[in-house]
Number of protein chains: 2
Amino acid sequence: MAVLQSFVSVHPDSHFPIQNLPYGVFKPQSASPPRPGVAIGDFVLDLSEISSAGLFDGPLLKNSDAFLQPNLNKFVSLGRPAWKEARATLQKLLSATEPTLRDNAVLRQKALVPMSSVELLLPVAVGDYTDFFTSLHHTKNCGIIFRGPQTPVLDNWYRLPVAYHGRASSVVISGTDIVRPRGQAHPVGSSTPYFGPSLKLDFELEMATIVGPGNELGKPVDINNAKDHIFGLVLMNDWSARDIQAWEYIPLGPFLGKSFGTTISPWIVTLEALEPFASEAPKQDPSPLPYLTEKEPKIYDISLEAHIKPAGHEDSGVVSRTNLKHLYWTLTQQLAHHTINGCNLRPGDLLGTGTVSGPVRFHILRSLTF
Amino acid sequence: MAVLQSFVSVHPDSHFPIQNLPYGVFKPQSASPPRPGVAIGDFVLDLSEISSAGLFDGPLLKNSDAFLQPNLNKFVSLGRPAWKEARATLQKLLSATEPTLRDNAVLRQKALVPMSSVELLLPVAVGDYTDFFTSLHHTKNCGIIFRGPQTPVLDNWYRLPVAYHGRASSVVISGTDIVRPRGQAHPVGSSTPYFGPSLKLDFELEMATIVGPGNELGKPVDINNAKDHIFGLVLMNDWSARDIQAWEYIPLGPFLGKSFGTTISPWIVTLEALEPFASEAPKQDPSPLPYLTEKEPKIYDISLEAHIKPAGHEDSGVVSRTNLKHLYWTLTQQLAHHTINGCNLRPGDLLGTGTVSGPVRFHILRSLTF
């Protein structure tokens, strides 16, 4: 089968071929109202224009105002059949062989906006943000740092996907300046706490689930239906002030050490687009309890890198290189566990994976930041 | 000075005299759109009707649509001058000596709705919910329960108001059924975790701040301005599954043990109404850091009781009797601390005090629930 191609020219190194089509929210000009879009090559396709032109003509979306909203919450609430319909419509419209958009200069002019000229916004209004702790290597590293080498991984970690509630208000879009937090810390050897700017600002390279329809309070999501509640994934940087965190976190967990900013990517890559990268999840030992046991445990093979470019430097250095497949608990296990007590997830909720660490340790710059 | 009285008859035992006037949101009939109201005696005054009748005639509210909203978020965002103006307008309109509403039968019929006939809703859309841990007696009790008698109160507790991010989606209005959560626990002596309905369902009697204007990300609220960001207080029950919590909470804090339901009262009592109950806060030792040092530390003298009525019983039993004045950290210290790292608070955010425990231990029923 020939590879699907778009009439929009896409550089071979682009992250945005027609096979991807991630969703975001943007303003074409600074005074325009926000509207949903998908990325294609160096352009953003304005979904409000496509919708207003009547081109979402499938049964689920033809009378919907889901793309006439200032965020994607309504669209993600519609569920997988509507997501598949939208993807099929957009792949057809953008394909090299389809004349509807390709040969309509007026519509093309309105609907295909150069990405370099738009302002990207948070793709969803995040009702609640949860951060998991599901990479074994990261858990070991943190355990040694916070508690010493005796018990780096606690007993509960192998039994359930450990997580904490994060702060939704300080979730920001990639590119937003993060103000260095001030706070209390208690350096080793000091009799009184220190107060001032954090001296141990750190990053955490994560991915995060954007929740789809979600569930009612009191009605857990079955593990084998959990995938239907995952719209897609974003990149996430869970900025962390380790000195503030270390002093405040016992016994109720991270608070101000984490709530001064959490950065997510502007683009949500859908599970449909990630399907070619699905691979079998690693075997879990001990076996998970039945409510966490999946018929087909899957994880995604996604290479991840973090670079740091210090102020005044021309070049950035790689400080982390890993892969999402190193997660111990799958995305669906995270989601099902989150609801097993009856907790309700809402469309647009954000579920971070926790730092994705691999088996190899990086030393470049890392030793400076921690 | 004569005590202010309303033309609406108010029973001497009512919680809702003209001196209180707490804010809520209600539907007069099940098909009506939600609108703000204040409680007066056995009635709710419909603020959308008062607003539509042009009776909010002060400079800040006369052209405002703050009372034509489905929740109080817009009104609480306006800040103390608007809150004072609204209170003055409403106390005047409801007073025994003012004819405007008293003598207008048509408006009275529309605007004064019997409380027994309305449906009360969540008064605000809660963007983020935070729970503090600021009662010394509660902290000691929890420390003994979770860690044993050696170090019931940790060093950081006397230095900062310890808190965790809670779950906003499961905040519900008083009267909403709470489904008993299922989850994992690890009973003492068991080699594998238990899964099933929680065997240690508990309540926590708290009050909670409803945040007013809030602050921008990166710009902390000064401790001496913190009061201007507190619109008022609600009662709160932080339902807790102690067995789930004890197994999951190390190292990232409470998660599913708390996120199956958090009940708040429908009425927000304003700080203006609470002013007569303000008293000097207890002296703190060690002295707090400068960012937590207030010119006039205040706490409120509010008696609190929790009653339990088991299914099938006619009568309820008191299981907790305490007072808000037992808090170690003041409400303003909690709020200022929350923002010191730059974390942004938004209008309608909910900040629980943590269980307010007093020095006296209650044994009735308590031994059954924990």
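Residue positions within a chain follow its written sequence, with the count starting from 1. A letter from A marks each chain and a number from 1 marks each ligand, given out in the order of writing. Residues qualify for local features only when their pLDDT is at least 70, as the model is predicted, and side-chain atom pairs are given and counted only at 80 or more; totals for whole chains, interfaces and linings, by contrast, use all residues. Processing note: side-chain calculations cover all non-hydrogen atoms of the structure and skip hydrogens and water entirely.

*Asks:* Now, about the interface of chain B and chain A: what can you tell me, with residues and values included?
*Replies:* Facing the 56 residues of chain B at the interface are 56 residues of chain A. In total, chain B and chain A occlude about 5400 Å² of area from one another, counting both sides; carbon and sulfur atoms represent 62% of this. A pair is scored as a salt bridge if a Lys or Arg side-chain nitrogen falls within 4 Å of a carboxyl oxygen belonging to Asp or Glu. Viewed at the interface, chain A and chain B are joined by four salt bridges. Across the pair arginine 167 of chain A and aspartate 128 of chain B runs a salt bridge, and its minimum N-O distance is 3.5 Å. Two N or O atoms count as a polar contact when they lie within 3.5 Å, although within protein this holds only if one can serve as hydrogen donor and the other as acceptor, and sequence-adjacent residues are included solely when both atoms are side-chain atoms. One can count 24 residue pairs in polar contact (both at pLDDT 80 or more) joining chain B with chain A. Each helix is a run of H or I in the DSSP string that is no shorter than four residues. Each strand is a run of E no shorter than two, and both are numbered from the N terminus. Sorting the residues of the side of chain B that touches chain A by element identifies β6 (129-132), β7 (163-165), β9 (182-185), α7 (242-248) and α9 (331-339) of chain B as the ones contributing at least two each. In what follows, residue pairs with any heavy atoms lying within 4.5 Å of each other are defined as contacts. Note on terms: buried area is the combined drop in 1.4 Å-probe accessible area of two parts once they are placed together, counting the loss on both.

*Asks:* An account of the sheet that holds strand β2 (residues 35-40) of chain B is needed here, citing residue identities and associated values.
*Replies:* Residue and element names in this part refer to chain B. The strand order β4-β3-β2-β1-β5 describes an open sheet built from five strands, whose pairing is antiparallel. At either margin of the open sheet sits one strand with a lone partner, and together these are β4 (112-114) and β5 (119-121). Recorded for the sheet is a direction-independent mean angle of 45 degrees between the axes of neighbouring strands. Where strand β1 (residues 23-27) lies against β5, three bridges are found, and the strand directions are antiparallel. Among the inter-strand pairings, phenylalanine 26 is bridged to a residue of β5, identified as leucine 120. Inter-axis angles, ranging from 0 to 180 degrees, are taken between N-to-C directions of lines fitted to C-alpha atoms, where helices are fitted over the stretch in contact. This element, helix α3 (residues 80-94), spans β1, β2 and β3 (43-46) of the sheet and lies at about 65 degrees to β1. Strands were regarded as paired on the criterion that DSSP finds at least two bridges between them.

*Asks:* Lay out the packing of aromatic side chains with the relevant residues and their values.
*Replies:* Classification of ring pairs uses Phe, Tyr and Trp, with its six-membered ring standing for Trp, and accepts pairs whose centres are within 6.5 Å; under 30 degrees between planes counts as stacked, over 60 as edge-to-face, and the remaining range as tilted. Here the structure, examined in full by the defined rule, presents 26 aromatic pairs over all chains. When the centroid spacing of 4.7 Å and the interplanar angle of 45 degrees are considered together, the rings of phenylalanine 67 of chain A and phenylalanine 75 of chain A count as tilted. Overall, phenylalanine 67 of chain A belongs to the buried group, its relative accessible area being 2%. For the exposure calls, accessible area comes from a 1.4 Å probe over protein chains only, and a residue counts as buried if that area is under 20% of its type's maximum, exposed if over 50%, partly exposed in between. A residue is classified by how much of its surface remains accessible, and phenylalanine 75 of chain A, at 0% relative accessible area, is buried. Both rings, one in tyrosine 328 of chain B and one in tryptophan 329 of chain B, keep their centres 5.4 Å apart while their planes meet at 75 degrees; by these two values the pair is edge-to-face.

*Asks:* Report on the UniProt feature "binding site: Mg(2+)" (unreviewed entry) in chain A, specifying residues and quantitative values.
*Replies:* All names here are of chain A. UniProt positions are given in the numbering used here, feature names are shortened, and annotations may be inferred rather than shown by experiment. Here the UniProt-annotated "binding site: Mg(2+)" (unreviewed entry) positions come out as Asp238, Lys258 and Thr262. Despite a sequence span of 25 residues, these residues sit close together in the fold, their greatest C-alpha distance being 7.7 Å. Following the sequence through the fold, aspartate 238 ends up in the loop between β13 (230-237) and β14 (240-241). Contacts of aspartate 238, omitting those with residues within four sequence positions, involve Tyr129, Asp131, Tyr164, Phe203, Glu204, Glu206, Lys258 and Thr262. With relative accessibility at 7%, the residue lysine 258 sits in the buried group. Apart from residues lying up to four places away in sequence, lysine 258 is in contact with Tyr164, Glu204, Asp238, Trp239, Ser240, Arg242 and Gln245.

*Asks:* So what about the domain arrangement of chain A? Which residues, and what values?
*Replies:* Residue and element names in this part refer to chain A. Domain delimitation follows an automatic or database domain assignment. Here chain A is partitioned into domain 1 (23-121) and domain 2 (129-352). Contacts between the two partners involve 19 residues from domain 1 and, on the opposite side, 17 residues from domain 2. Summed over both sides, the interface of domain 1 with domain 2 buries roughly 1500 Å², with 66% coming from carbon and sulfur. By the criterion of area lost to domain 2, the three top residues of domain 1 are Tyr23, Val76 and Arg80, representing 39% of everything that side buries. Here domain 1 is connected to domain 2 by two salt bridges. Residue arginine 80 is joined to aspartate 228 by a salt bridge in which the shortest nitrogen-to-oxygen separation is 3.4 Å. Where domain 1 meets domain 2, there are six residue pairs in polar contact (both at pLDDT 80 or more).

*Asks:* Residue-level account of the pairing of strand β12 (residues 205-211) of chain A, with values.
*Replies:* All names here are of chain A. Of all seven residues in β12, seven are buried, a share of seventy percent or more. Residues of β12 alternate between two faces, with Leu205, Met207, Thr209 and Val211 on one and Glu206, Ala208 and Ile210 on the opposite face, all of them buried. Direction of pairing for β12 relative to β13: antiparallel, over a ladder of seven bridges. When the sheet's bridge partners are listed, glutamate 206 is paired in β13 with methionine 236. Pairing analysis gives three bridges linking β12 to strand β21 (residues 350-352), with the strands arranged antiparallel. Bridge pairing in β21 links isoleucine 210 to leucine 350.

*Asks:* Outline the nonpolar core, listing residues and values.
*Replies:* Remark: nonpolar core denotes a set of buried residues (Ala, Val, Leu, Ile, Met, Phe, Trp, Tyr, Cys) joined through side-chain atoms within 4.5 Å. In terms of nonpolar packing, the biggest core is built from 90 residues, with Tyr23, Leu45, Phe75 and Leu350 of chain B touching the most fellow members. Among the elements that line this core, the one with the most residues is α3 of chain B, at six residues. Not counting residues within four places of it along the chain, the set of residues in contact with phenylalanine 75 of chain B comprises Tyr23, Leu61, Ala66, Phe67, Ala82, Trp83, Ala86 and Phe231 of chain B. Counting 88 residues, the second-largest nonpolar core is a separate cluster that includes Phe231, Leu233, Leu271 and Ile302 of chain A.

*Asks:* Can you tell me about the pattern of salt bridges, naming the residues and giving the values?
*Replies:* Under the definition given, this model contains 34 salt bridges over all chains. Measuring nitrogen to oxygen at the nearest pair gives 2.6 Å for the salt bridge that ties glutamate 272 of chain B to arginine 80 of chain B. With a gap of 192 residues between them, glutamate 272 of chain B in helix α8 (residues 271-274) and arginine 80 of chain B in helix α3 connect regions that are remote in the sequence. Here the two residues glutamate 272 of chain B and arginine 80 of chain B agree in accessibility, since each one is buried. Here glutamate 204 of chain B ties to arginine 242 of chain B by a salt bridge, and the two come within 2.6 Å at their closest N and O atoms. Taken as a pair, glutamate 204 of chain B in the loop between β11 (201-202) and β12 (205-211) and arginine 242 of chain B in helix α7 lie far apart in primary sequence, 38 residues in all. Residue classification places glutamate 204 of chain B among the buried residues on the basis of a relative accessible area of 4%. Of the residues examined, arginine 242 of chain B reaches a relative accessible area of 4% and is grouped as buried. It is possible to trace a salt-bridge network through shared partners that takes in Asp202, Glu204, Asp238, Arg242 and Lys258 of chain A.

*Asks:* So what's going on with the relation of the copies chain B and chain A? Residues and values would help.
*Replies:* When chain B is fitted to chain A, the best match, at an RMSD of 0.0 Å, comes from turning it 180 degrees and sliding it 0.0 Å along the axis. The symmetry that links the two subunits is that of a two-fold axis. In terms of C-alpha distance to the rotation axis, chain B has glycine 253 of chain B as its closest residue, with the C-alpha 2.0 Å off the axis. Residue by residue, 100% of the interface of chain B is reproduced at the interface of chain A, so both copies engage with the same surface. Copy-to-copy alignment: least squares on C-alpha atoms, limited to residues at pLDDT 70 or above in both.

*Asks:* I'd like a rundown of helix α6 (residues 136-147) of chain A, residues and numbers included.
*Replies:* Residues and elements named next belong to chain A. For α6, with 12 residues, the first-to-last C-alpha span of 16 Å sits near the 16 Å given by 1.5 Å per residue. Among all positions in α6, only Leu136, His138, Thr139, Cys142 and Gly143 are buried. On an axial view of α6, the arc spanned by its buried residues comes to 150 degrees, and they lie on one face. Positive phi shows up at glycine 148, right after α6, with a value of about 90 degrees. By this rule the span expected of a helix is its residue count minus one, scaled by 1.5 Å. As used here, the arc is the angular range of directions from the helix axis to the C-beta atoms.

*Asks:* Describe in detail the sheet that holds strand β5 (residues 119-121) of chain A, supporting the description with residues and values.
*Replies:* Residues and elements named next belong to chain A. Taken together, five strands build an open sheet; the order of strands is β4-β3-β2-β1-β5 and the sheet is antiparallel. With partners counted over all chains shown, the strands left at the sheet margins are β4 (112-114) and β5, one partner each. Each strand axis lies, on average, 45 degrees off the axis of its neighbour in the sheet, ignoring direction. Two elements, strand β2 (residues 35-40) and strand β3 (residues 43-46), share four bridges in a ladder whose sense is antiparallel.

*Asks:* So what's going on with the side chain of aspartate 131 of chain A? Which residues, and what values?
*Replies:* All names here are of chain A. Mapped onto the elements, aspartate 131 comes out in strand β6 (residues 129-132). Of note is the side chain of aspartate 131, whose polar atom sits 3.4 Å from the backbone nitrogen of glycine 354. Here aspartate 131 is in contact with Ala163, Tyr164, Glu206, Met236, Asp238, Gly352, Thr353 and Gly354, once residues within four sequence places are set aside.

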